[in-house]
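Listed here are the chains, written in short residue letters.
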Amino acid sequence: MGEVSLSCQCGALRGTLTEKTLKSGTHLTCHCKDCRAFQVAVGRDDPGAIDGVRIVQIGPGGMAITQGVEHLAALRLSPRGPLRFYAACCGTPIATTPSKLSIPFAGLLADMVEHQDALGRVRAQVNITQPDGKVTHKRMGRVVMALFSNAGAAILKGERKKTPFFDAETGRPVVDPVVIDKVRKAEIYARL
């Protein structure tokens, strides 16, 4: 199997993803405010609750950053929130990961994939806020099964520490995340 090229918007940060990793992932759209807030926090427009943020849930072991790793940055929307990696050179969101290396998982932002046709169709929609305020999902079972399947496979293969986002020796993120302060967070969420 081959590789799929990844790139930030300006091209300074580049990488690859194995086709096998991409095919085992789940292409979905998340409509939650946190995913949308991440876009705004790094200087992007809010995609809106209707369009949402396209993500490919993957085991990050098949992903590599091949150029521009010095542009890799991370933030958190709260002190205990997940890590949200982006390219500081142009503000391109890259991926969201758990805060610790214990679960080998990444929500790769679909816009990082250079050839969008490699993604296939969106297979699930999650965190859809209805007019009455209730949150619903479409095909959530597929998302959960793929997440556990990919994470479990990485653990069984001994690839838990194989990720471009964490140091395999220390288990710490490869870059120190900046926690968005409460004032800035309130400003961001007010725009959503």
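You'll find the structure just up there.
Just so it is clear, the structure is predicted and the values come from calculations on it, not from any experiment. (Residues numbered from 1 in each chain as written. Predicted model: local features only at pLDDT ≥ 70, side-chain atom pairs only at ≥ 80, totals over all residues. Heavy atoms only, no water.)

Caption draft 1: The nonpolar core, seen in detail. Residues Leu 13, Met 63, Phe 85, Ile 94, Leu 108 and Phe 165 are the most contacted members of the largest nonpolar core, which totals 27 residues. Of all the elements in the fold, those that place two or more residues in this core are strand S1 (3–7), strand S4 (53–58), strand S5 (63–67), strand S6 (72–76), strand S7 (83–87), strand S8 (92–97) and strand S9 (106–109). Here this core takes three residues from S7, the largest share from any one element. For Phe 165, the contacting residues outside a window of four places in its chain are Met 63, Phe 85, Ile 94, Ala 95, Thr 97, Ala 106, Arg 172, Pro 173 and Val 174. (Core = buried A, V, L, I, M, F, W, Y, C linked by side-chain atoms within 4.5 Å. Buried < 20%, exposed > 50% of the residue type's maximum accessible area, 1.4 Å probe, protein only. Helix = DSSP H or I, 4+ residues; strand = E, 2+ residues; numbered from the N terminus. Contact = heavy atoms within 4.5 Å.)

Caption draft 2: Up close: the state of the cysteines. For the coordinates displayed, the defined rule picks out zero disulfides. Not engaged in a disulfide, the cysteine Cys 32 finds its nearest cysteine sulfur in Cys 30; these two sulfurs lie 3.5 Å apart. Free cysteine: Cys 89, not disulfide-bonded; nearest cysteine sulfur from Cys 10 at 3.6 Å. (Disulfide = S-S within 2.5 Å.)

Caption draft 3: Looking closely at the sheet that holds S7. Spatial ordering of the open sheet is given by S11-S10-S3-S4-S9-S8-S7-S6-S12, a layout of nine strands whose pairing is mixed. Edge positions in the sheet fall to strand S11 (135–138) and strand S12 (178–179), since each of these pairs with one other strand and no more. Bridge analysis of strand S3 (residues 26–30) against strand S10 (residues 124–129) gives three bridges, and the strand direction is parallel. Note that in S10 the partner of Leu 28 across the bridge is Ala 124. (Pairing = 2+ DSSP bridges.)

Caption draft 4: The sheet that holds S1, seen in detail. The sheet built from three strands is open, its strands ordered S1-S2-S5 with antiparallel pairing. Looking at which strands have only one partner, the edges of the open sheet turn out to be S1 and S5. Between one strand axis and the next, the sheet turns by 30° as a mean value, whatever way the strands run. Relative to S5, strand S2 (residues 14–18) runs antiparallel, the two sharing four bridges. What sits directly across from Thr 16, in S5, is Ala 64. (Axes fitted to C-alpha atoms, helices over the stretch in contact; angles between N-to-C directions.)

Caption draft 5: Geometry of the pattern of salt bridges. Applying the stated criterion across every chain yields a total of five salt bridges. Of the charged contacts, one joins Arg 14 and Glu 114 as a salt bridge, the two residues approaching to 2.5 Å between their closest N and O atoms. Here Arg 14, found in strand S2, pairs with Glu 114, found in the loop between S9 and S10; they are 100 residues apart in sequence, far enough to count as distant. A relative accessible area of 32% places Glu 114 in the partly exposed class. For Glu 187, the salt bridge is made with Arg 184, and the minimal N-O distance between the two is 3.9 Å. In this pair, Glu 187 and Arg 184 both sit in helix H5 (residues 182–190), three residues apart, roughly one turn of the helix. (Salt bridge = Lys/Arg side-chain N within 4 Å of Asp/Glu carboxyl O.)

Caption draft 6: Structural detail: the pairing of S7. Counting buried positions over the five residues of S7 gives five, a clear majority of the element. The side-chain alternation of S7 yields two buried faces, one formed by Leu 83, Phe 85 and Ala 87 and the other by Arg 84 and Tyr 86. The sheet contact formed by S6 and S7 spans four bridges and is antiparallel. Across the sheet, Ala 74 pairs through a bridge with Phe 85, a residue of S7. Where S6 folds back onto S7 in an antiparallel hairpin, the turn is made up of six residues. Sheet topology places S7 next to S8; five bridges connect them, and they run antiparallel. The partner of Leu 83 across the bridge, within S8, is Thr 97. Adjacent in sequence and paired antiparallel, S7 and S8 are bridged by four residues, among which Gly 91 carries a positive phi angle near 75°.

Caption draft 7: Region of the structure containing a positive patch on the surface. Residues Arg 121, Arg 123, Lys 138, Arg 139 and Arg 142 make up a contiguous surface patch of positive charge. Turning to its location among the elements, Arg 121 is positioned in the loop between S9 and S10. (Patch = residues over 30% accessible without salt bridge, like charges linked within 9 Å, V, L, I, M, F, W, Y side chains within 5 Å. Areas by Shrake-Rupley, 256 points an atom, 1.4 Å probe, with all protein chains shown as cover. Lys, Arg positive; Asp, Glu negative; His and termini not counted. Charge placed at Lys NZ, Arg CZ, Asp CG, Glu CD.)

Caption draft 8: Region of interest: the pairing of S2. Bridge count for S1 against S2 is five bridges, and the pairing is antiparallel. Its bridge partner being in S2, Glu 3 is matched across the sheet by Thr 18. Adjacent in sequence and paired antiparallel, S1 and S2 are bridged by six residues, among which Gly 11 carries a positive phi angle near 85°.

Purely spatial values, then, with no claim about function.
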